[in-house]
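A structural walkthrough
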Amino acid sequence: VWRNGEELLKEGKMSSSEMEFVVAMMTEALIQLGASEAITGIYIWAKELKGSKFNWVQYAVEETQAKHEDALSNYSSLLEKMRLSRSENSQIQDFVSKRILNCYMNLGNWEEAANWNVCLNQSSSIFSVNEDLSYLKNLSNFDLEEFNAIEADGFLDEVRNLSTFHDMQRSL
């Protein structure tokens, strides 16, 4: 992602929304690596050389530095502003929405993460969460001491069967 994004940005033959999308893809990769300094570098580059000020890149730095409360607050405010202004860049809205979900999960706010995940799954962008996050419901119920023991037993049975299957494969 980084190398291709860097080449695209060097060429500079793209619209503002395309450039923002490339920066978002690069930022997403750097968040996964925990590279807050590199994300800061992207922000400075975009601001100084291209005249673009992508505030959400600064919020990604906060998130990468484990300042999840601050990042969540800033991402949420930005998303609200984008929706009110009817911003046409839905890919960045999806990026910000995914980052909000990640902040909720890192904060252990399972109920909000589960609710946010429902909203995210209605989107079909590259930033959509393609994972089964149904466990969030059980985590939020567990925190509320309403954990369903029957569902847990069923899940544990599946895990036991899976580990037994893997043990059998290793012995062959």
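Residues numbered from 1 in each chain as written. Predicted model: local features only at pLDDT ≥ 70, side-chain atom pairs only at ≥ 80, totals over all residues. Heavy atoms only, no water.

**Re the overall build of the protein**
Spelled out, the test is: Secondary structure elements follow DSSP: runs of H or I of four or more residues count as helices, runs of E of two or more count as strands, with numbering from the N terminus. Contacts are residue-level and defined by heavy atoms, with any inter-residue pair within 4.5 Å sufficient. Using the Shrake-Rupley algorithm and a 1.4 Å probe, accessible areas are obtained, with residue cover drawn only from the displayed protein chains.
Regarding its fold elements, the protein presents nine helices and zero strands. Secondary structure elements in the protein, listed N-terminal to C-terminal, are α-α-α-α-α-α-α-α-α. Long-range contacts, defined as pairs at least 24 residues apart, comprise 54% of the intrachain contacts of the protein with a sequence gap of at least 6. Counting only carbon and sulfur atoms, one obtains 50% of the accessible surface of the protein, whose full area is about 11,000 Å².

**Considerations on the pattern of salt bridges**
Counted only if it meets this: Note on definitions: salt bridges are taken to be side-chain nitrogens of Lys or Arg within 4 Å of carboxyl oxygens of Asp or Glu. Partly exposed residues are those whose accessible area sits between 20% and 50% of the maximum for their type, while under 20% is buried and over 50% is exposed, using a 1.4 Å probe and protein chains only.
Scanning the model with the defined rule gives three salt bridges in all. Residue Glu63 pairs with Arg99 through a salt bridge whose shortest N-O separation is 2.5 Å. Separated by 36 residues along the polypeptide, Glu63 in helix H4 (residues 55–64) and Arg99 in helix H6 (residues 90–107) bring together distant segments of the chain. No difference in accessibility class separates Glu63 from Arg99, as the two residues are buried.

**Some remarks on unusual backbone geometry**
At Ala66, a position not held by glycine, the phi torsion is positive, near 65°. On the secondary structure map, Ala66 appears in the loop between H4 and helix H5 (68–84).

**Observations regarding the environment of Ile92**
Tracing the backbone shows Ile92 in helix H6. For the pair formed by Ile92 and Leu79, sequence separation is 13 residues and the distance between their alpha carbons is 9.1 Å. Leaving out residues up to four positions away in the same chain, Ile92 has contacts with Glu20, Phe21, Ala24, Trp56 and Met82.

**Focus on the packing of aromatic side chains**
Formally: Under the pairing criterion, centres of Phe, Tyr and Trp rings, with the six-membered ring standing for Trp, must be within 6.5 Å; the plane angle then separates stacked pairs below 30 degrees from edge-to-face pairs above 60, leaving the rest tilted.
Per the counting criterion, the structure on display carries four aromatic pairs. Look at Tyr59 and Tyr75: their rings are 6.0 Å apart centre to centre, the planes differ by 85°, and that puts the pair in the edge-to-face class. Separated by 16 residues along the polypeptide, Tyr59 in helix H4 and Tyr75 in helix H5 bring together distant segments of the chain. Feature note: the residues Phe54, Trp56 and Phe95 constitute an aromatic cluster, connected by ring pairs.

**With respect to the nonpolar core**
Under the convention used in this document: Put simply, a nonpolar core is a bunch of buried Ala, Val, Leu, Ile, Met, Phe, Trp, Tyr and Cys residues held in one set by side-chain atoms that sit within 4.5 Å of each other.
Ranked by internal contacts, the top residues of the largest apolar core, which has 35 residues, are Val23, Trp56, Tyr75, Val96 and Ile100. Mapped onto this core, the elements with two or more residues apiece are helix H2 (16–33), helix H3 (36–48), H4, H5, H6 and helix H7 (110–120). Sequence-distant contacts of Tyr75, defined by excluding residues within four places in its chain, comprise Trp56, Tyr59, Ala60, Glu63, Val96, Arg99, Ile100 and Cys103.

Any functional reading would require information beyond the geometric quantities listed.
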